[in-house]
Amino acid sequence: MSQTSFFPPHKIIGVAVIWNAQEQILIDRRRPEGAMGGLWEFPGGKIEPGETIQECIQREISEELGIIIEVGKHLITIDHSYIDLRVTLTVHHCRHLTGVPQPLESDEIRWVTLEQLEQFSFPKANIQIIAALKQSKETKDFIF
Ligand SMILES: Nc1nc2c([nH]c(=O)n2[C@H]2C[C@H](O)[C@@H](COP(=O)(O)OP(=O)(O)OP(=O)(O)O)O2)c(=O)[nH]1
Ligand SMILES: [Mg+2]
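Computed from a predicted structure; not experimentally measured. (Residues numbered from 1 in each chain as written. Chains lettered and ligands numbered in written order. Predicted model: local features only at pLDDT ≥ 70, side-chain atom pairs only at ≥ 80, totals over all residues. Heavy atoms only, no water.)

*Asks:* How do you make sense of the overall build of the chain when you look at a structure like this?
*Replies:* Looking only at helices and strands, the chain has two helices and seven strands in total. Listing the helices and strands of the chain from first to last along the sequence gives β-β-β-β-α-β-β-β-α. Taken over C-alpha atoms, the radius of gyration comes to 16 Å for the chain, in line with the 15 Å a tight globule of 144 residues would show. In the chain, which comprises 144 residues, the share counted as buried stands at 43%. For the chain, long-range pairs separated by at least 24 residues make up 67% of all intrachain contacts whose partners lie at least 6 apart in sequence. Split by element, the accessible area of the chain, about 8,200 Å² in all, is 52% carbon and sulfur. (Helix = DSSP H or I, 4+ residues; strand = E, 2+ residues; numbered from the N terminus. Rg over C-alpha atoms; globule rule 2.2 N^0.38 Å. Buried < 20%, exposed > 50% of the residue type's maximum accessible area, 1.4 Å probe, protein only. Contact = heavy atoms within 4.5 Å. Areas by Shrake-Rupley, 256 points an atom, 1.4 Å probe, with all protein chains shown as cover.)

*Asks:* Which parts of the structure should I look at to understand the layout of surface pockets?
*Replies:* With a probe scaled to a water molecule rolled over the atoms, the places where space remains empty come into view. Roughly 610 Å³ of volume is contained in the largest pocket. Along the wall of the largest pocket there are 26 residues; nearest its centre are Ile-13, Arg-30, Glu-41, Gly-44 and Gly-45. Where the lining of the largest pocket is concerned, the elements lending two or more residues are strand S1 (10-19), strand S4 (44-46), helix H1 (53-65), strand S6 (86-98) and helix H2 (126-138). When its residues are assigned to classes, the lining of the largest pocket shows twelve nonpolar, four polar and ten charged. (1 Å grid on protein atoms, 1.4 Å probe; cavity = no way out; pocket = protein on both sides within 12 Å on 5 of 7 lines; lining within 4 Å. Points joined across faces, edges and corners; volume = space filled by probe spheres on them. Nonpolar A, V, L, I, M, F, W, Y, C, P; charged D, E, K, R; others polar.)

*Asks:* I'm lost on the site of ligand 1 in this one. Help?
*Replies:* Among the 17 residues in the neighbourhood of ligand 1, the closest are listed as Lys-11, Phe-42, Lys-46, Tyr-82 and Asn-126. Contact distances for ligand 1 include 2.9 Å between an oxygen atom and a side-chain N or O atom of Arg-30. Within the side chain of Asn-126, one N or O atom sits 2.7 Å away from a nitrogen atom of ligand 1. For ligand 1, the accessible surface in isolation is 610 Å², of which the surrounding protein chains cover 78%. The set of elements that each furnish at least two residues to the shell around ligand 1 consists of S1, S4 and S6. Residue contributions to the shell around ligand 1 peak at three residues, all from S4. Residues that form the shell around ligand 1 fall into these classes: ten nonpolar, three polar and four charged. (Near = heavy atom within 4 Å. Polar contact = N/O pair within 3.5 Å; in protein donor to acceptor, adjacent residues only side chain to side chain.)

*Asks:* Explanation requested: the coordination of the magnesium ion (ligand 2) in the structure shown.
*Replies:* The coordination sphere of the magnesium ion (ligand 2) contains the protein donors Gly-44 (O) and Glu-64 (OE), at a distance range of 2.3 to 2.4 Å. Here Glu-64 lies in helix H1 and Gly-44 lies in strand S4, a separation of 20 residues in the sequence. By relative accessible area, which is 14% here, Gly-44 ends up buried. Residue class for Glu-64 comes out buried when judged on its relative accessible area of 11%. (Donors = N, O, S within 2.8 Å, 3.2 Å for Na, K, Ca; no water.)

Okay, here's the thing in C-alpha cells:
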C-alpha cells in the first residue's frame, strides 16, 4: 500500500514585541506582494544557523528597522500551520534602545497601544500572541 504525504516547509522565526517608553508596541505592515501581503505583524524573521533566538531577534530588528533593542523575557512560542507553511514563532518582549525605526523591509510601521492592536489585521497565528500579551499585562508578568 502506498501513501502520499505532504510536509509543508517549516520556518523557525524570532519575533519581537518592541516596547517604547510610552508603553507602545511597534508593528509593521508586510509588503503587498508575497506571503501574507498587506497584513500587520510584529517584526522578526528566520533564524540563521548557529544563532540563538535572542541573537536572531536583535539582528532581524536591526536589518528590518535600523534600531537597537534589548531582548527581554520570553512571551510565548507558537507552532502554527497555514495551508502551505508551518511556522514556529518564538516571541520575546523587547525594549527600544536607540535609533528611529524605519520601514526598511516593510510597507509601513506604527507605534500602537495594546488596546489599539485590535484595529489591525494580523496573520492567524498572531491571535495567540495578542492574547498572551493581554494576559501578561493583566498578571503584571510584564516585560523585564
Ligand atoms: N515576523 C513575523 N512573522 C510572522 C508573524 N506572524 C506570522 O504568521 N508570521 C509568519 C509570516 C512569515 O511566513 C514568517 C516570517 O518570516 P520572514 O519574515 O522571515 O519570512 P518571509 O516569508 O517574509 O520571507 P522569506 O525570508 O522567507 O523570503 O512568519 C509575526 O507576527 N511576525
Ligand atoms: Mg521578517
